[in-house]
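Read off the chains here:
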Amino acid sequence: MGLEKLNNLYREVILDHSDHPHHKHALPDATHKITLKNPTCGDVINLDIELDDQDHIKDIGFTGEGCTISQSSASMMTDAVMGKSKDEALHMAKTFSDMVMGKKHPQADLDELQDAAILSNVMTFPARIKCATLSWWALQRALLKQPDDGNDSEKEE
């Protein structure tokens, strides 16, 4: 497949997730909730997670507003982590954050990200890295029960 066709395919997947986001709803029975903001772009993600008694993600949903990248990334993230254990989801969040920063991971780890793996090209647009990682940081902070501060952006570790 030519590079232009591949870029068009990536663009279509991103736009589809943005225009028709998966799991975009609040969860009344959420066991973990967090709100994170990216003041640079105006993105807001309210993430709700319901864990079962085995610490697996039983349900996940998000609400909020933002750019195409942040909304599509949140949609892709919810698809990828549904049914995963807390530890698996935390590992996926780390893999995603590393990926968009240009760090290498085994292909099996990238495959776990499903559609979200196509956002690896975001690293070529530094201003969009925070947009892409906002929902993944929310996932990590919610699962670790770290407080939301109402005005967050990606933190360096």
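The name an unreviewed UniProt entry assigns to the protein chain is Nitrogen fixation protein NifU, from the organism Secundilactobacillus pentosiphilus. If you open the UniProt record of the protein chain and go to Sequence similarities (unreviewed entry), you find "Belongs to the NifU family."

This part covers helix H2 (residues 68–81). Relative to the 20 Å expected for 14 residues at 1.5 Å per residue, H2 spans 20 Å between its end C-alpha atoms, a close match to the ideal helical length. The element H2 is largely enclosed, with a buried count of 12 among its 14 residues. The positive-phi residue at the C-terminal boundary of H2 is glycine 83, with phi of around 85°.

Time to look at the packing of H2 against helix H5 (residues 126–143). Packing of H2 against H5 brings their axes to within 8 Å, and their N-to-C directions diverge by 35°. Note on packing geometry: the crossing formed by H2 with H5 is right-handed. Side by side, H2 and H5 meet where Ile69, Ser70, Ser73, Ala74, Met77, Ala80 and Val81 of the first sit next to Arg128, Cys131, Ala132, Ser135, Trp136 and Leu139 of the second. Each residue belonging to the contact of H2 with H5 can be placed in one class, and the counts come to nine nonpolar, three polar and one charged.

The sheet built from three strands is open, its strands ordered E1-E2-E3 with antiparallel pairing. The open sheet has two edge strands with one neighbour each: strand E1 (32–38) and strand E3 (57–65). Each strand axis lies, on average, 15° off the axis of its neighbour in the sheet, ignoring direction. Where E1 meets strand E2 (residues 43–51), seven bridges bridge the pair, whose relative direction is antiparallel.

Moving on, we come to the confidence of the model for the protein chain. Per-residue pLDDT for the protein chain averages 89, and the proportion of residues at 70 or more is 88%. Ignoring residues within four places in sequence, the model shows residues 151–157, a span with pLDDT below 50, making 19 contacts including any to other chains.

About the thresholds
- Residues numbered from 1 in each chain as written.
- Predicted model: local features only at pLDDT ≥ 70, side-chain atom pairs only at ≥ 80, totals over all residues.
- Heavy atoms only, no water.
- UniProt positions renumbered as here; feature names shortened; annotations may be inferred.
- Helix = DSSP H or I, 4+ residues; strand = E, 2+ residues; numbered from the N terminus.
- Expected span 1.5 Å × (residues − 1).
- Buried < 20%, exposed > 50% of the residue type's maximum accessible area, 1.4 Å probe, protein only.
- Axes fitted to C-alpha atoms, helices over the stretch in contact; angles between N-to-C directions.
- Left-handed = near helix turned anticlockwise from the far one by under 90°.
- Contact = heavy atoms within 4.5 Å.
- Nonpolar A, V, L, I, M, F, W, Y, C, P; charged D, E, K, R; others polar.
- Pairing = 2+ DSSP bridges.
- pLDDT = per-residue confidence, 0-100.

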